[in-house]
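# Structure at a glance
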Amino acid sequence: MSGTMTDEPTPAAPGEPGACAAVIVAAGRGARAGGDVPKQYARIGGEPVLRRTVGVFAAHPAVSTVVTVIHADDAALARQAVGSAPVHFVTGGASRQESVYNGLKFLDNMDPDFVLVHDAARPFVTAEIIGRCLDAARRHGAAAVGVPMADTVKKTDGKGVVIGTVARDRLWRAQTPQVFRYRDLLAAHRAATGETLTDDAAVAEAAGLSVAMSPGSEDNFKITTAGDLARAGRIARASADPRVTVVGHGFDVHRFGPGDHIVLCGVRIAHSRGLEGHSDADAALHALTDAIFGAMGEGDIGRHFPDNDPQWRGAASDRFLRHALDKVAAAGGRPINLDLTVICERPKLAPHHDAMKQRLCDLTGLPPARIGLKATTTEKLGFIGRGEGIAAQAAVSIDLPDTV
Ligand code: MG
């Protein structure tokens, strides 16, 4: 691309009120951020910085045209970065100021009422920030996003020695976007050719325009260093926060033996027989624990609590369940619901249902509406029907961060 134009923007329809274009400045080399590509093409949260930035403007209802000013060497990189977003590309100049001027000249034919100028390296601009600044510009003629100074500001002698403390109550740190009447900013840039000004508000000020400040945010920072890029990655991942629901299934059987009680869902139930097992033989909690391990891809209960390990002899099975739930919590997850069925001919479980369900609520932290607890028989068929043992099966769903 020589020159500044790669294609022609569509002129606004005659009489369309308040047409507004955005110029995204992406022509810098970004040497301070390191990496293989300029920072505006680095990936944060799975997508290039430029795509994220362009996407906010392309989706904004007040913005009718997006122009992205890029370095002459980056045409392929830029097209790939923005994907399907409707964007006009313009080649930048030797400085940021020249690049913006090229973007503005490209819009000459469209002649929008307002133009927003934004740094590509500020990917966390929001629709609200854009809307507020545009409103301020419509009222005042020009507006720049910024953040009021919170730190005390020191003036030094050039050798790091303080020679004064600057009153901060009227100081702002300027960000972008900055919004201007298009013709005003174009004329101001033309007049400022050859000067070195660091933002468009300064270009406008030099032309005698008055610029109002509009609140931005700390997240609307400019990615400059490798540390900034790492911070941007953290914010992008946190804001994306993709999650999945995983499900697991568990099944367990214990044989009846001598005894005077059984334990189901952690509740002691008097019975003419007991259940054989290495631990307390709580088939219901074993099935539920296995369902959780299954959902987490963590193998089975025997892998975590080997039945030849003497420390689990006679153990209360809520320890196994707590261990599985700790795994869920450590992964940033939480159980959503569970459904448990106990299968036996005797004892009758209806009298114990409420106590068992309450115990499940206490152990899992789930509300009653998220816990299913049923009992059934096998109509006297098979080993359960002959009263040789008890079976339990469980299903569980778990909400997890999608980190796989
Ligand atoms: Mg078991």
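Quick caveat, the model's predicted, so the values are computed rather than measured.

### Some points on the sheet that holds strand S12 (residues 243-257)
Sheet architecture is open: five strands sit in the order S15-S12-S18-S16-S17, paired in mixed fashion. Sheet topology places strand S15 (274-275) and strand S17 (371-376) at the edges, where each strand pairs with a single neighbour. Relative to strand S18 (residues 389-401), strand S16 (residues 334-343) is paired through nine bridges, and the arrangement is antiparallel. The partner of Val 342 across the bridge, within S18, is Ala 392.

### Description of the sheet that holds strand S5 (residues 88-91)
Reading across the sheet, the seven strands line up as S5-S4-S1-S6-S10-S7-S11 and stay open at both edges, with mixed pairing between neighbours. Two strands bound the open sheet, and with one partner strand each, they are S5 and strand S11 (212-215). The average angle at which neighbouring strand axes cross in this sheet is 30°, direction not considered. Across four bridges, strand S7 (residues 142-148) lies against S11 in parallel orientation. By the bridge assignment, Gly 146 is partnered in S11 with Pro 215. Contacts between helix H4 (residues 127-140) and the sheet are confined to strand S1 (20-26), strand S6 (114-119), S7, strand S10 (172-181) and S11, with S7 contributing the most and set at about 130° to the helix.

### Brief notes about the pattern of salt bridges
Throughout the structure, instances matching the rule amount to 17 salt bridges. The shortest N-O distance in the salt bridge between Arg 183 and Asp 108 comes to 3.0 Å. Taken together, the residues Arg 183 in helix H5 (residues 182-192) and Asp 108 in the loop between helix H3 (96-106) and S6 connect sequence positions 75 residues apart. Using a relative accessible area of 39% as the deciding quantity, one classes Arg 183 as partly exposed. Where Arg 183 meets Asp 111, a salt bridge forms, and the shortest distance between an N and an O atom there is 2.8 Å. In this pair, Arg 183 is assigned in helix H5 and Asp 111 in the loop between H3 and S6, connecting sequence segments 72 residues apart.

### Quick notes on the confidence of the model for the protein
For the protein, mean pLDDT is 92; residues scoring 70 or higher make up 94% of the total. Contacts for the low-pLDDT stretch residues 1-5, under 50 throughout, to residues beyond four places or in other chains number 12 contacts. Counting interchain partners and residues more than four positions distant, the pLDDT-below-50 stretch residues 12-16 has three contacts.

So, how was this worked out
- Residues numbered from 1 in each chain as written.
- Predicted model: local features only at pLDDT ≥ 70, side-chain atom pairs only at ≥ 80, totals over all residues.
- Heavy atoms only, no water.
- Pairing = 2+ DSSP bridges.
- Helix = DSSP H or I, 4+ residues; strand = E, 2+ residues; numbered from the N terminus.
- Axes fitted to C-alpha atoms, helices over the stretch in contact; angles between N-to-C directions.
- Contact = heavy atoms within 4.5 Å.
- Salt bridge = Lys/Arg side-chain N within 4 Å of Asp/Glu carboxyl O.
- Buried < 20%, exposed > 50% of the residue type's maximum accessible area, 1.4 Å probe, protein only.
- pLDDT = per-residue confidence, 0-100.

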